[in-house]
Every structure is written in C-alpha cells, then in structure tokens.
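Chains, contacts and geometry: an overview
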Amino acid sequence: MPSTGTVRFWLLDASYEVVGKIPEIRLWGVTDDDLRIVVIDRSFRPYFYVLPQDDVSPQELLKRLNAEIHGKRPVLNMEIVEKKYFGKPVKVIKVTCLIPADVPKYRELFRTLKGVEDVLEADVRFYMRYIIDHQLRPCGWHEVKVRPLPKNKNWHVDAVYEALEPPKPIEYDRLPRLRILAFDIECYNPKGTPKPERDPVIIISLMTSEGEKKLLTANDYNDILLLREFVDFVKSYDPDVIIGYNSNRFDWPYLIERSKKLGVRLAVSRANSSPAPSVYGHYSIVGRANVDLYDFAEDMYEIKVKTLENVADYLGVMPKDKRVLIDGIEIYKYWDDPNLRKTLFEYALQDVMSTYGIGEKVLPFAMQLASLVGLTLDQVGAASVGFRVEWYLMREAYLQGELVPNRIERPYAPYKGAIVLEPKKGVHENIAVLDFSSMYPNIMISKNISPDTYVPPEEVDDPSKYNIAPEVGHAFRKEPPGFYKRVLSKLLNFRRQIKEEMKRYDPQSVEYRILDERQRAVKVIANACYGYAGWVGARWYKREVAEATTAWGRETIKETIKLAKVLGLKVIYGDTDSIFVEYDKEKVEKFIEAVKERFNLEIKPDKVYVRVFFTEAKKRYCGLLPDGRIDVVGLEAVRGDWAEIAKEVQERVLEIILKEGSPWKAVEYVRSIVDALRAGKVPISKLIIWKSITKGFEEYEVRAAHVVAAKRLVKAGYKLEIGEKIGYLIIKGPGKLADKAWPYVLVKDPEQIDYEYYIERQVLPAALRVLRYFGISDNILLSGHKQATLFDFLGGA
DNA sequence: GCCTTGAAGTTACCG
DNA sequence: ACCGGTAACTTCAAGGCG
C-alpha cells in the first residue's frame, strides 16, 4: 500500500458522521482514472460566531462566554476574529465545537446572554460548512494529498483515503465516465392510487449509461424477490447517479415503505444504507447522486402538464405518438391479464428509456448549476431558486470575509414593480423588439444597490455621495462596492468570459455544450438575484433594495420610450425591460447607440416581427416571425388551463390572420370546429381542462370547478398532492359549472359531455379574443351566413 | 324570489 | 419558499326590482 500521494477526483456527494466522538467528513468522488473513492477528513470542526453588542468589547464578552461554559462540556476553542457584517468591519467570537450536535446547544446557551447581539452561521450544515470553507465544487475536480486507509467492507468504493490537507478545487474540464442508472417503478393499482401497505410493486425498469435495459418483475403479486433483485442490481452496477422521474415524491417513498413492510433492506447507498429523507424534500443516497428529473421539468414552462411522456416528447427523447401509452389507472388490468403483460413491459421499458433520455438532456445543466452554487448534485435540483441563489451568495460571502445574516421571519411587505405599456391594439407590420440585457442586475451594479450600501434617510448627508432612487427616494452609497454589486459583477463577467471561450469550440463539441450549460447556470442565478433580494425569506432580504431596483427600472424604460419617440420611432408596446418599435434599421441603430450613451445599459434587438397582433390587453399578443413561425404570448393558446381544442382553434385563427390576413377564412374554420364538436368528432382528450390544486381542500373559499373535480377523484380512491394538476371535463346537467366538473378518468360515456359548454365557453371565447378586432361576433361564428364587418369597411384583405 | 353587478377568489401567464 | 403586474374566468353576496 503506497504511503502518501495526491488524488484527483470529481466530487459527487458529501456526507458526515461522528465516529469516536470525532466528526468525519466524507467526500464521495470519481477519480481521473475512473475509480470510485471516498476521501475522509477528520480534522474539520463545526463552529459559529457570536456577535457582541455595539457597546460591548469582544474581550469582555469572550470572558463572559468562558464563564458561562465553565463546568459544562467545554467547547474546543473560542477566539476573537475579524469579519465584516453588512460591509462593516466587526470583531466576533468564533466558537468552535467538538461535534455538530454541540452547535445548536451552544447557540441557544449564548444567544440570550447579556452583551450578545446575535449568534451567526450556527444553522449551516456541517458538510456544507466544509464545502464552503474549502470552496469545494460539487461536480467539479479537486486534488488532495492523501494517505490510503484500509478498505471498509461496508463501503462500496474502490479506495478509501484520509485527507492530509483539505482538497483544492482545480480547473479541469473533463467529465468523468459516470455510471448513470435510470429507474422507474410500476405498481399494482386496482383501487386507484397504489398504496405501499397494500399494493405490490410489479415492475422496476432500469437503464444504464452502458445501454443495458432491464425489467425486474414481481412474481405475480409477490414483490419480495423483486425488491431484493433491485437492491442487488444497484449494488452490482454501482451507479454514481440514479435518476428517476418524480422519484423523490413517488418511487423512493414507495420503495421504502414497501421494503419496510416486506422486511427487505433497501441498502442501495455506497455506505450500505437506505435512502433517507433529506433537505428540500429529496432522498439522500450516501455516495451517489439521487436526481429527480421532475425538478428540472418544472422550469420547462412550455410543457403544461408535466408527465414523463410529455416531457420526453417535448425534449424529442421519445415521441408520444410512437410509444405505448397506458392510462395510469389501468396498469393493474395489464398485469392481471397475461396477454396484456407484454404491452405493460413495453410501456415500462419506454418509461425508463424516456427517463434516461431526459437525464441526458438535463444532467449537464444540473451539474453546472451544482458546481456554480455549491450544492451537491442531488440537492441542487430539489432546492428552490431562492435557496440556489442563497448558497451561491454564502460561498461568496465566505470568500469576502462577510458574515452570513440569519434567516429571520418577516411579514410580507409589498412594493411597486415594473411598468407595462398599454399596447396599440390591432395588427402592426415590421416591428422590432428591443430588450435590455440583464436590466435588473445591471441596475443593481451601476447604482450599487445592496443592503450594506443602503443608508436610511436620516443619515443621508452630502447627496452627491449617494445614488438616490427615483420615486421611492432610497439612498445607496456610491462607494465602496456593495455585496450585490460585487457578486453580480462577478457573475456577469464570468458569463462574458464563458461566452468568449465558447467561440474557440465547435458548437457540436462536448466542450461547447458544457460551457453553454455553464453560462446558462450563471445567467439563471444572476437574473434571480433581484427577486431574491425582495423575498422576505431571504438572508440578504432588503425591501428597499428590491424597491429601488424596480424604481430605477421604471425610470429607465420610461426614458427609453421618450428617447425612441424623439428619434422618430413609434412605440407599439413595452413590458419591464423591452420595447416594441417600428423597425427602421437606421433609426433603430441610432436608438441603440443613444440608449447606451444615456444609461450605460445595452439594449439589443431580440427579434423583428413581420406582423404582430395586439388585443387591447397587456401581456397578450401574437407575432409572425420572418421564418414563418408564430410567437403566441400570454393568450389562451399558451395557457395550460384551457381545453386543447380551444387552444388549437385560437392558434390556427392567429395563423390565418397573420399569414393570410383573412378573418373570413378563420370564421369558416371556427365554424367547422363548432360543427365537429356538435357531431362528437373531437377527441375527448382535447376537451380536458387542466388546473393545479394549489392548497388543501379546506383552504378554498369558493366552490371552484377543479376543486370539486379533485374531491370527486379523491373520493374514487385516488391520491392527490398539493401542486398536482387535475384534468376534468364539463358534463351536461343543471347547476353551477363546478357541479358539472368531473375528473376525466371517471367519465365513461362521451354522451355525458356538455359540448355546448366547450363551444360557448372555450372555443368561441378563444377565437373571438382575436376575431372580435375584425368585427366578428359570436353570432357570426355560430350562424351560417356572412355579414358585413368593420374589417370589410376598412378594406381589409 | 329573481336578476344584475361588482368584488373576491383563483389560476396562470409575462418579464 | 425569488419578485410584481396582469388578464380572465367563476363564485358569491349585495342591491334593485317587484
């Protein structure tokens, strides 16, 4: 066994355990030569800070703290250190403890002591503390001086090392050859949503990055061997990343409950342990990254109902029309009937292939995000945007010697946001859309907006030393650069640098792809900083910061509009950081220059519409692009809570209007759909309306249709979780709309459907939203004969 | 008691 | 558990009418 050496590894997961009263950090990684290793560091200790009150000397407080712990279990060390708190130099007492569990104990003990202003950074998990303090990068490479340790037979790794000093992150853009395992389970469900205490798992489908596909099946209705096979498969394949779809909310909890009931040890981790519920609602599998791809699907706003097959279809991984689809509620029938089982096998296989395919599309971004914000791969997806931003900020704070503010409960405090212009309604030709690039981040940088540069009105002396926000009057010191300014400048520079580097690579290359995902991750975090600052749950929350940012934003866009008008550009519309103007190449170029000159902000032409149509409403329009594509914004056609048939009709109407300029052709088309509806020729799937259940049933104050439908679904034995979408149909009969809403899975007879509702409340309103502006009324759409319209008057096409 | 009206509740969008 | 601005739907209760 070699004595010491240097190991280069890619960080996959981090965990810790107290062994013999010593906390032990475990870094699970993959080496440059593709070995799975764990690096152990027993030298790190948990700590937190005690901030003295203004009038109390740190030395004096240190004495008091020492007196307080006298006779109790001692802390490891207490010392005075210099840090910054909201930019101001402070002396704080760093309290280092023996084990992580001591931190909350001493925090409580010290917090209420006389002379203590606050206790800081006592709520940072031990392994996160380690990652931050050594600036480790999850999904990034490190070098570490190590001494090999004897292998622990409980750990599924090729080698165990003791770190002789903390690992150092290194620049190295290669990806390790990761073993990725996609899995999906099917459960027996004759009574609606399956219950682990009652219903067996019948199939577990698996796919690996080597292309191996495998179906593990139950012995009819006995799944005990199936579960054991699954554990054995995971152990022998030994994946680095395990991906599933909705696995944190369904597959893992189900498998865990089921194993418990059947007495199977679900020891799938690299430390021989079971998946354990952890932060942000994810399941932690020690030594591996357990990634739920659903978390990333949530950011794909184009997909309205985020089922596995819809996401796979959207990403081009597994076209919906070329795969086996089984209605979830009918799975048990395919199991019961031996002749149908092979269809179910096919279905399960396609599910896991879809999952694997989505993983290929999503993981590169997930890894870049993890690396940027410093959360492990399995946590980064589960963490909300606010927490992703916050971890990034905490890393930066550490680098800058800034103390991390505590999270405190605050009441919600509203403030004014952006401006939306009243659109000039109707059809316009040749319209350019100009956008400010990263408007809020750039405003925060140029005005130095930050909690630590904010100065309350009574302390404002010489106004020339401050940037004063319009409308709201908040003042921010011009110097020195505040926390947000430093962080955002770094992020924007980083992104510029990445984009520069991308030019050196072939867009088809792996390097290019990695860099592109990296710049995307940087952009996402930079753009979320403003919203984060205005979030009452944020550690670096400051209402005035968010409020001043939007105030300068409003001023900027208003002045920009004036400038456009001065240059003779007609402004059609604008929202927050964009303006729509007539596209006159020369004038637009001049205008871009003038904006740069005036605000030191970049405004870029985003696109030019050949034709664009506005209703009188804000945030709803439709544009025809030079390549013939159609952009629909805000209208029913892009909303998930309208029936597919209504959306389809509106989209086609828009296309006819924008491409052919013929309202009458559109009318004919709408009539044909109305006829088809009445004739029952429209598939029921196009009539389903999808709406989210956003809270518990008791919390609803009105009898809304989707809630009534959801209750009916639950009554029929289905489980529904908050945040889930319910698909319902409107059925013929008396009473309120809500009375007529039934979950589609419970509607057996198409005759029950209230087609008149779909005509009057779905298709016609969606069509008329557009056609009304061409003088078309609902009567015209419903009756058969042509009448003169305003459009004819105006001599339209 | 019936109908109209407007506020309130609700969702999902835009940037 | 990132923000505010916005449209549009349905429900519900108040008010007017008779």
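Up top is the structure.
The model shown is predicted, which means the values in this text are computed figures rather than measured ones. (Residues numbered from 1 in each chain as written. Chains lettered and ligands numbered in written order. Predicted model: local features only at pLDDT ≥ 70, side-chain atom pairs only at ≥ 80, totals over all residues. Heavy atoms only, no water.)

Topic: the sheet that holds strand E17 (residues 289-292)
Pairing is mixed in the open sheet, where 5 strands are placed in the order E13-E12-E11-E14-E17. At either margin of the open sheet sits one strand with a lone partner, and together these are strand E13 (213-217) and E17. The sheet shows a mean angle of 20° between the axes of neighbouring strands, taken without regard to direction. Judged from the 4 bridges that link them, strand E14 (residues 241-244) and E17 form a sheet pairing that is parallel. Along E17, the bridge assignment pairs Ile 243 with Val 291. Running over the sheet, helix H4 (residues 224-237) touches strand E11 (180-187), strand E12 (201-208), E13 and E14 and is turned about 15° from E12. Running at roughly 140° to E11, helix H9 (residues 341-373) makes contact with E11, E12, E13, E14 and E17 of the sheet. (Pairing = 2+ DSSP bridges. Helix = DSSP H or I, 4+ residues; strand = E, 2+ residues; numbered from the N terminus. Axes fitted to C-alpha atoms, helices over the stretch in contact; angles between N-to-C directions. Contact = heavy atoms within 4.5 Å.)

Some details on the packing of aromatic side chains
Each aromatic ring pair is described using two quantities: the centre-to-centre distance and the angle formed by the ring planes. The tally for this structure, following the rule as stated, stands at 36 aromatic pairs. Summarising the aromatic geometry, the rings of Tyr 106 and Phe 110 are spaced 6.0 Å apart at their centres and angled 40° between planes, so their arrangement reads as tilted. Here the residue Tyr 106 and the residue Phe 110 both occupy positions in helix H2 (residues 102-111), the gap between them amounting to 4 residues, near one helical turn. Like Phe 110, Tyr 106 is buried. Through successive ring pairs, a cluster of aromatic residues spans Tyr 16, Phe 44, Phe 126 and Tyr 130. When the ring centre of Tyr 47 is taken as reference, the NZ or CZ atom of Lys 94 above it lies at 4.2 Å. One Lys or Arg, Arg 520, reaches over the ring of Phe 365 and ends 4.2 Å from the middle of that ring. (Phe/Tyr/Trp six-rings, centres within 6.5 Å; stacked < 30°, edge-to-face > 60°. Buried < 20%, exposed > 50% of the residue type's maximum accessible area, 1.4 Å probe, protein only. Lys NZ or Arg CZ within 6 Å of the ring centre and 35° of its normal.)

Quick notes on the pattern of salt bridges
For the coordinates displayed, the defined rule picks out 64 salt bridges. Among the ionic pairs, Arg 611 bridges to Glu 429, the shortest N-O distance being 2.6 Å. Separated by 182 residues along the polypeptide, Arg 611 in strand E24 (residues 603-614) and Glu 429 in strand E18 (residues 426-436) bring together distant segments of the chain. The partly exposed category is assigned to Glu 429, whose relative accessible area is 48%. Where Asp 627 meets Arg 629, a salt bridge forms, and the shortest distance between an N and an O atom there is 2.9 Å. The burial state of Asp 627 is the same as that of Arg 629; both residues are exposed. (Salt bridge = Lys/Arg side-chain N within 4 Å of Asp/Glu carboxyl O.)

Section: the protein's contact with DNA strand C
Neighbouring DNA strand C are 28 residues, the closest being Ser 384, Gly 417, Lys 618, Arg 620 and Ala 738. Looking at DNA strand C alone, sugar and phosphate atoms form 91% of those within 4 Å of the protein. Tyr 415 places a main-chain nitrogen or oxygen 3.3 Å from a sugar or linking oxygen of DNA strand C. Note that a phosphate oxygen of DNA strand C is positioned 3.2 Å from one of the side-chain N or O atoms of Arg 769. Secondary-structure elements contributing two or more residues to the surface near DNA strand C are helix H11 (385-399), helix H14 (510-533) and helix H20 (755-771). Sorting elements by how many residues they give to the surface near DNA strand C places H14 first, with 4 residues. Split by residue class, the surface near DNA strand C holds 15 nonpolar, 5 polar and 8 charged. (Near = heavy atom within 4 Å. Polar contact = N/O pair within 3.5 Å; in protein donor to acceptor, adjacent residues only side chain to side chain. Nonpolar A, V, L, I, M, F, W, Y, C, P; charged D, E, K, R; others polar.)

Considerations on the protein's contact with DNA strand B
In the neighbourhood of DNA strand B, 21 residues make up the surrounding shell, with Asp 577, Lys 619, Arg 639, Thr 694 and Tyr 700 lying closest. Put simply, 91% of the atoms of DNA strand B that lie within 4 Å of the protein are in sugar or phosphate. Tyr 621 is positioned such that a nitrogen or oxygen atom in its side chain is 2.9 Å from a phosphate oxygen of DNA strand B. Looking at the surface near DNA strand B, its residues break down into 5 nonpolar, 6 polar and 10 charged.

Structural notes on helix H19 (residues 705-715)
In terms of burial, H19 is largely enclosed, as 8 of its 11 residues are buried. Of all the positions in H19, only Ala 705, His 706, Val 707, Val 708, Ala 709, Ala 710, Arg 712 and Leu 713 are classed as buried. Structurally, H19 contributes buried residues whose contacts are with strand E27 (689-692), strand E28 (725-730) and strand E29 (741-743). Gly 717 sits one or two positions beyond H19 and adopts a positive phi of about 105°.

A short note on the packing of H9 against H11
Between H9 and H11, the shortest axis-to-axis distance is 8 Å and the interhelical angle comes to 40°. One finds that H9 runs oblique with respect to H11. Judged by residue contacts, Leu 369, Leu 372 and Val 373 of H9 engage Arg 388, Trp 391, Tyr 392 and Arg 395 from H11. (Parallel < 35°, antiparallel > 145°, perpendicular 65-115°, else oblique.)

Thoughts on the pairing of strand E1 (residues 5-19)
Where E1 lies against strand E8 (residues 141-149), 6 bridges are found, and the strand directions are antiparallel. Paired with Val 7 across the two strands is Val 144, which belongs to E8. Examined bridge by bridge, E1 and strand E2 (residues 22-31) share 10 bridges and lie antiparallel to one another. Counted as the bridge partner of Ala 14 is Leu 27 from E2. Here E1 folds back onto E2, and the loop between the two strands holds 2 residues, one of which, Gly 20, carries a positive phi near 55°.

Remember, this is a structural readout, not a statement about activity or role.
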